[in-house]
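Structure at a glance
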Amino acid sequence: MIENILFPVICVGGLALVFGVILGFSAKKFAVESDPKVDKIINVLPGANCGGCGYPGCTVFAERVVTGEANYRGCPPGGSSAAIEIAREMGIDAAPTNRKIAFIKCNGTNDNIKRNYIYDGPKSCVSASQLATGGNKTCTYSCIGLESCKNACPFNAIKMIDSIAVVINEKCTACGKCIKVCPMKLIEIVPEKSKVRVLCNSRDKAKLVRESCRAGCFGCTLCQKVCKEGAITVADNIAHIDYDKCTLCMECIDKCPSKAIKLMN
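Calculation rules
- Residues numbered from 1 in each chain as written.
- Predicted model: local features only at pLDDT ≥ 70, side-chain atom pairs only at ≥ 80, totals over all residues.
- Heavy atoms only, no water.
- Axes fitted to C-alpha atoms, helices over the stretch in contact; angles between N-to-C directions.
- Helix = DSSP H or I, 4+ residues; strand = E, 2+ residues; numbered from the N terminus.
- Parallel < 35°, antiparallel > 145°, perpendicular 65-115°, else oblique.
- Left-handed = near helix turned anticlockwise from the far one by under 90°.
- Contact = heavy atoms within 4.5 Å.
- 1 Å grid on protein atoms, 1.4 Å probe; cavity = no way out; pocket = protein on both sides within 12 Å on 5 of 7 lines; lining within 4 Å.
- Points joined across faces, edges and corners; volume = space filled by probe spheres on them.
- Nonpolar A, V, L, I, M, F, W, Y, C, P; charged D, E, K, R; others polar.
- Pairing = 2+ DSSP bridges.
- Buried < 20%, exposed > 50% of the residue type's maximum accessible area, 1.4 Å probe, protein only.
- Lys, Arg positive; Asp, Glu negative; His and termini not counted.
- Salt bridge = Lys/Arg side-chain N within 4 Å of Asp/Glu carboxyl O.

Moving on, we get to the packing of helix H2 (residues 36-44) against helix H3 (residues 58-67). Relative to each other, H2 and H3 sit at 130°, their axes nearing to 9 Å. With respect to their mutual orientation, H2 and H3 come out oblique. Between H2 and H3 lies a crossing whose hand is right-handed. On the side of H2, the interface is formed by Lys 37, Val 38, Ile 41 and Ile 42, while H3 contributes Cys 58, Thr 59, Ala 62, Glu 63, Val 65 and Val 66.

Turning to the layout of surface pockets, a few remarks are in order. Looking at the largest pocket, its volume works out to about 420 Å³. If you trace the largest pocket, you find 21 residues lining it, with Val 166, Val 167, Asn 169, Met 264 and Asn 265 closest to the centre. Within the residue set of the lining of the largest pocket, elements represented by two or more residues are strand E1 (100-104), strand E2 (158-161) and strand E3 (164-167). Among the residues forming the lining of the largest pocket, the class breakdown is 13 nonpolar, four polar and four charged.

This part takes up unusual backbone geometry. One non-glycine residue, Asn 49, lies in the positive phi region at around 50°. By the element assignment, Asn 49 lies in the loop between H2 and H3. Although it is not a glycine, Lys 185 adopts a positive phi angle of roughly 55°. In this structure, Lys 185 sits in the loop between helix H7 (177-181) and strand E4 (187-191).

This brings us to the pairing of E2. Relative to E3, E2 is paired through four bridges, and the arrangement is antiparallel. Considered in E3, the bridge of Ile 161 is made with Ile 164. Connecting E2 to the next strand, E3, in antiparallel fashion are two residues, including Asp 162 with a positive phi near 55°.

Below, the discussion takes up the side chain of Arg 197. Within the secondary structure, Arg 197 is located in strand E5 (residues 196-198). Buried charged residue Arg 197 carries no salt bridge. Nearest counter-charge: Glu 192, at 6.9 Å. When sequence neighbours within four positions are dropped, the list of residues in contact with Arg 197 reads Ile 101, Phe 103, Val 190, Pro 191, Glu 192, Ile 241, Tyr 243, Ala 260, Ile 261, Lys 262 and Met 264.

Going through the model one piece at a time under the given rule, you end up with six cavities of 30 Å³ or more. The computed volume of the largest cavity comes to approximately 110 Å³. Grouping the amino acids of the lining of the largest cavity by side-chain chemistry returns nine nonpolar, seven polar and one charged.

These figures capture arrangement, not role.
As structure tokens, then:
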């Protein structure tokens, strides 16, 4: 009886040992040597695995940098400091980088905007935007304020102030996750040093803008006319700033009748 039990056990144990030896040998024989640069770059990266670089995680990004498929400056959370370190590991000269951040193009605070009704539905900007009115605010282009972008941010870089989302510059890494969840298309990535910005995204005509929001841009073109650098153009009833041309002269801010253009901190 005992022999009948022990024999299968010994056979199974022996087979396990043989297969273990074979697998161990195969692992060493066919192992693919990793480029040491990949490990060095991974150590430089912040390890957020946020996907802001366009790849599934930091390891894949590091591998793509080494193979030349990804730009060494492609890690938003790491910023310029990580780019410099990666360039050093790759043996290349690091070009100056301008830090970028997310910017929410709305100033539809409770004091500036009216509400059509009290919203009592799912706390989701997407859900609210699918209503016939596109949310409960009178401006159908405004920040709905139900924290979808805040909840999507892995760095806690967005806070709600007076019913609109505001980016905390120091925490933002420009990963772009907030952009993907905003149904109103209010968020864009901008150079942090470019402080003059238009806090409006409305495409409505002047009369409707004035009726719905005190701080809305209604495309009067005064800012475009006063800008000597040609950094502002008005299209689709709203002002757009070319950050490469803007010199922070502030003349557009002084001329804007609705104060839709502001100097950001």
